[in-house]
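Understanding the architecture of this molecule
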Amino acid sequence: MSAAPFSDEELTRLRADFPILARTVRGGHPLVYLDSGATSHKPRQVLDAERGFYERTNAAVHRGAHQLSEEGTDAYESARDTIARFVGARADEVVFTRNATEAINLVAYAFTNGTHGGGGGHGDRFTLGPGDEVLVTEMEHHANLIPWQEACRRTGATLRWVPVTPDGRLDLTDLDTLLTERTKVFAFTHVSNVLGTLNPVRALTERAHAVGALVVLDACQSVPHLPVDVDDLGVDFLAFSGHKMFGPLGIGVLWARPALLDEMPVFLTGGSMIETVTMEGSTYAPAPQKFEAGVPVAAQAVGLAAACDYVSALGLDRVHAHEQALTRRLLEGLAQRPWVRVLGPDDLRERGGAVAFVVDGVHAHDVGQVLDDSGVAVRVGHHCAWPLHRALKAQASTRASFAAYSTPAEVDALLAALDRVPAMFGLEVAV
Amino acid sequence: MDLYQELILEHSKRPVNAGLRDPFDAEVHHVNPTCGDEVTLRVHVSGTGGDAVVDDISYDAMGCSISVASASILAEEVTGGSVAHARETVEAMRSMLTSKGEDPGDEEQIGDGVALSGVARYPARVKCALLSWMAFTDALHQAEGAQA
């Protein structure tokens, strides 16, 4: 039997863990938070874990030999283990960064450094030059596009991209001419942050590996919402952020195959990441330490581990089923409003818990403002995916996105608030 | 909601003097990167120094009702007046929009611009309202550079 959405009773209990959900906004409206794709809220369990670290074990980890330093280091490394297991990985395959953007930049800069013979890497896998290609998609968040634009600019490699279809899927018609022996990296998103489109990761990864390309997966919108296992996906690199999955701000995660981490040149340099240092030059610690320059984000890691435990206790299969039910409810509601154009696939099996839409004749900013006036928080604009919006011929869109704590009543509140839009902006609509 | 006064919606639906026209002395393109609002704006100035007059402001504004209405109000209030008056009007608009609601706006100076006073209480929208005014300032500067 497939997993069930959360019941009303379960939702009430779950929501009580998130203090912010009890607040009101804009003159007393209960907060209807449908922007979890941008950042999720944090349960007390995560806040307590982070506070607990600062209150009892705060220390600069991996330095010093006093008791607090030992305990802090232990807390940090056991958090790494919990977070690694959450995506089916081993602790030494996980690198902590400040956010997912930095995780992707770490990989992109490894190629730049490798090209110039720096960063302590070895082998020739992390090199790019004229004639080499990096393949991305038109669907990418800017965080998985601009680092590759810049890496190509620095190395002379060529950036290519997989286009999107009008209904917001990857257009794989010409994949064989885009993904070739010249392709060194194929970087793409697991789930579109705008459309919720779920991409066929395994199939794309097999195609990439067949031509010898490395696969970098942006998993920011999948790891919080559906079961993700790195071995099952088969990718080479996977990046996600803590704050979108009930964890703290200020921590991102890069997972990579151990052999790749070993070969890969470093990005940020400084304290913590060294083996030996002389005035002439330095050697670097084994991964993951060599990628974690500076005092590590220990409290954030402890908070994120607590978030992983929290989500595991809920069950990712149930979280996914719950968000799918909410997505279906919203898509059905929007389908009854012909003045709303939904972007992205209409097949629920190919989508995650984000729904972007356009009200033709009313800019997304104005739609969002009317929703906000009713206490409904959504994202408006291009959601850091400007090329995708251009491809879909939308200047901007309004996006509702869900988390485990989102409720059917909140979907209804969004639809009710949306119904204020046509009259307010003088749209002629058949009701 | 006090943000969307009738006057704003009227300006956004039927923007005054919209479209790009010749002749012009400078053309600029400004964007609001948070939401993708864009404006292309041309300025035509005649005379110099104290006698300089804004003969025409023509524009193509794509964006939310606030940004389009604001471009329309700019064209309405500033076209045909002196460059000195235009600068004072820009400053008065900027002051009102960035005042967080403290400055209600001087109707003598900014005319229909006072209808945008509600924007000042929504920090995320201030950029939308300022976009065409900043573009105009930029274009004016370029036009004067071209004349010199």
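Residues numbered from 1 in each chain as written. Chains lettered and ligands numbered in written order. Predicted model: local features only at pLDDT ≥ 70, side-chain atom pairs only at ≥ 80, totals over all residues.

**Brief notes about the overall build of chain A**
This is how the line gets drawn: Going along the chain from the N terminus, every DSSP run of H or I of four or more residues is numbered as a helix, and every run of E of two or more is numbered as a strand. To sort residues by exposure, count the other C-beta atoms lying within 10 Å of each residue's C-beta; 20 or more gives buried, 12 or fewer gives exposed, and values between give partly exposed, all with C-beta atoms placed from the backbone. By the convention adopted here, residues make contact when the C-beta atoms placed from their backbones lie within 7 Å.
Counting its secondary structure elements, chain A contains 15 helices and 17 strands. For chain A, the C-alpha atoms occupy an extent of roughly 75 × 55 × 40 Å along the three principal directions. With 431 residues in all, chain A has 52% of them scored as buried. Of all intrachain contacts in chain A linking residues separated by at least 6 positions in sequence, the fraction that spans at least 24 positions is 71%.

**As for the overall build of chain B**
As a reminder, the rule being used: C-alpha atoms define the radius of gyration, and 2.2 Å times the number of residues to the power 0.38 defines the globule rule.
From N to C terminus, chain B includes five helices and three strands. Counting from the amino terminus, helix and strand elements in chain B follow one another as α-β-β-β-α-α-α-α. Against the compact-globule benchmark of 15 Å for 148 residues, chain B has a radius of gyration of 14 Å, which places it among compact chains. Considered along the principal axes of its C-alpha atoms, chain B spans approximately 45 × 30 × 25 Å. Within chain B, the proportion of its 148 residues that are buried is 45%.

**Digging into the domain arrangement of chain A**
All names here are of chain A. Spelled out, the test is: These domain limits were set by an automatic method or by a database of domain assignments. Three residue categories are used. Nonpolar comprises Ala, Val, Leu, Ile, Met, Phe, Trp, Tyr, Cys and Pro, charged comprises Asp, Glu, Lys and Arg, and polar comprises the others, including Gly.
Segmentation of chain A into domains returns domain 1 (8-42 + 315-424) and domain 2 (48-312). Here the C-alpha centre of domain 2 lies 28 Å away from the C-alpha centre of domain 1. Taken together, the contact pairs 28 residues of domain 1 with 30 residues of domain 2. If you list the elements that add at least two residues to the side of domain 1 that touches domain 2, you get helix 11 (316-335), strand 14 (354-359), helix 13 (386-391) and strand 17 (397-401). When residues in the side of domain 1 that touches domain 2 are grouped by element, the largest group, five residues, is from helix 11. Broken down by class, the residue content of the side of domain 1 that touches domain 2 amounts to 13 nonpolar, nine polar and six charged.

**Focus: the interface of chain B and chain A**
Between chain B and chain A, the residue contacts involve 13 residues of the former and 15 residues of the latter. A breakdown of the residues in the side of chain B that touches chain A according to their chemical character gives eight nonpolar, four polar and one charged.

**Here's the deal with the packing of helix 2 (residues 44-57) of chain A against helix 10 (residues 298-314) of chain A**
Residue and element names in this part refer to chain A. To keep it simple, the criterion reads: Inter-axis angles, ranging from 0 to 180 degrees, are taken between N-to-C directions of lines fitted to C-alpha atoms, where helices are fitted over the stretch in contact. Throughout, the term roughly parallel applies to angles under 35 degrees, roughly antiparallel to angles over 145, roughly perpendicular to angles from 65 to 115, and oblique to all others. Two helices crossing with the near one rotated counterclockwise from the far one by less than a right angle form a left-handed crossing, whereas a clockwise rotation gives a right-handed crossing.
Two elements in contact, helix 2 and helix 10, have axes whose closest approach is 8 Å; the angle formed by their N-to-C orientations is 150°. Of the possible angle classes, the one that applies to helix 2 and helix 10 is roughly antiparallel. Relative to helix 10, helix 2 is oriented so that their crossing is right-handed. The segment helix 2 lies against helix 10, with Gln 45, Val 46, Ala 49, Glu 50, Phe 53 and Tyr 54 engaging Ala 298, Ala 299, Val 302, Gly 303, Ala 306, Ala 307 and Tyr 310.

**Focus on the environment of B:Pro104**
Relative to the assigned elements, B:Pro104 resides in the loop between helix 3 (83-97) and helix 4 (107-110). Separated by 84 residues in sequence, B:Pro104 and B:Leu20 have C-alpha atoms that sit 32 Å apart.

**Remarks on helix 11 of chain A**
All names here are of chain A. Stated precisely, the cut-off is as follows: Take the residue count of a helix, subtract one, and multiply by 1.5 Å to get its expected span.
Taking 1.5 Å per residue, 20 residues should reach 28 Å; helix 11 reaches 28 Å between its end C-alpha atoms and fits that length. Along helix 11, the positions that sit buried rather than exposed are Val 319, His 320, His 322, Glu 323, Gln 324, Leu 326, Thr 327, Leu 330 and Leu 334. Contacts from the buried residues of helix 11 go to helix 10, strand 13 (340-343), strand 14, strand 17 and helix 14 (408-418).

**Let's talk about helix 1 (residues 6-13) of chain B**
Residues and elements named next belong to chain B. The line we're drawing: Throughout, the arc means the angular range of directions from the helix axis out to the C-beta atoms.
For helix 1, the complete set of buried residues consists of Ile 8, His 11 and Ser 12. Take helix 1 and look down its axis: the buried residues cluster within an arc of 100°, on one side only. If you follow the buried residues of helix 1, they end up packed against helix 2 (65-78).

**Quick look at the pairing of strand 1 (residues 26-32) of chain B**
Residue and element names in this part refer to chain B. Threshold: Whether two strands pair comes down to DSSP finding at least two bridges between them.
Residues Ala 26, Val 28, His 30 and Asn 32 line the buried face of strand 1, whereas the alternating positions Glu 27, His 29 and Val 31 sit on a face that is not buried. Across seven bridges, the pairing between strand 1 and strand 2 (residues 37-46) is antiparallel. Looking at the pairing, His 30 lines up with Val 39 of strand 2. Counting the residues between successive antiparallel strands, the hairpin from strand 1 to strand 2 contains four residues, one of them, Gly 36, with a positive phi of roughly 85°.

**Description of the nonpolar core**
To keep it simple, the criterion reads: Residues enter a nonpolar core if they are buried, belong to Ala, Val, Leu, Ile, Met, Phe, Trp, Tyr or Cys, and are joined to the set through C-beta atoms within 7 Å.
Within the largest apolar cluster, 178 residues are counted, with the highest numbers of intra-cluster contacts made by A:Leu217, A:Leu238, A:Ala239, A:Ala301, A:Val302 and B:Phe136. Sort the elements by how many residues they give to this core and helix 10 of chain A lands first, with eleven residues. A domain split of this core shows at least three residues from each of domain 1 (8-42 + 315-424) and domain 2 (48-312) of chain A. Contacts of B:Phe136, omitting those with residues within four sequence positions, involve B:Leu41, B:Val43, B:Ile57, B:Leu74 and B:Val90.

**Notes on the sheet that holds strand 4 (residues 94-97) of chain A**
All names here are of chain A. The strand order across the open sheet built from seven strands is 4-10-9-8-7-5-6, with neighbouring strands paired in mixed fashion. At either margin of the open sheet sits one strand with a lone partner, and together these are strand 4 and strand 6 (158-162). Direction aside, neighbouring strands of the sheet carry axes that sit 20° apart on average. Pairing between strand 9 (residues 237-241) and strand 10 (residues 252-256): five bridges, direction antiparallel. Within strand 10, the position partnered with Ser 241 by the bridge is Gly 252.

**Brief notes about the sheet that holds strand 1 of chain B**
All names here are of chain B. One open sheet holds the three strands; their spatial order is 1-2-3, and the pairing between them is antiparallel. Edge positions in the sheet fall to strand 1 and strand 3 (53-62), since each of these pairs with one other strand and no more. Direction aside, the axes of adjacent strands within the sheet are offset by 20° on average. Relative to the sheet, helix 2 contacts strand 1, strand 2 and strand 3, its axis offset from that of strand 3 by approximately 170°.

**What about the environment of A:Asp35?**
All names here are of chain A. Among the secondary structure elements, Asp 35 is positioned in the loop between strand 3 (32-33) and helix 2. The exposure class assigned to Asp 35 is buried, which follows from the 21 C-beta atoms found within 10 Å. Through-space distance from the C-alpha of Asp 35 to that of Thr 189 is 19 Å; in sequence the pair is 154 residues apart. Residues contacting Asp 35, with those up to four places away along its chain left out, are Ala 377, Val 378, Arg 379 and Ser 401.

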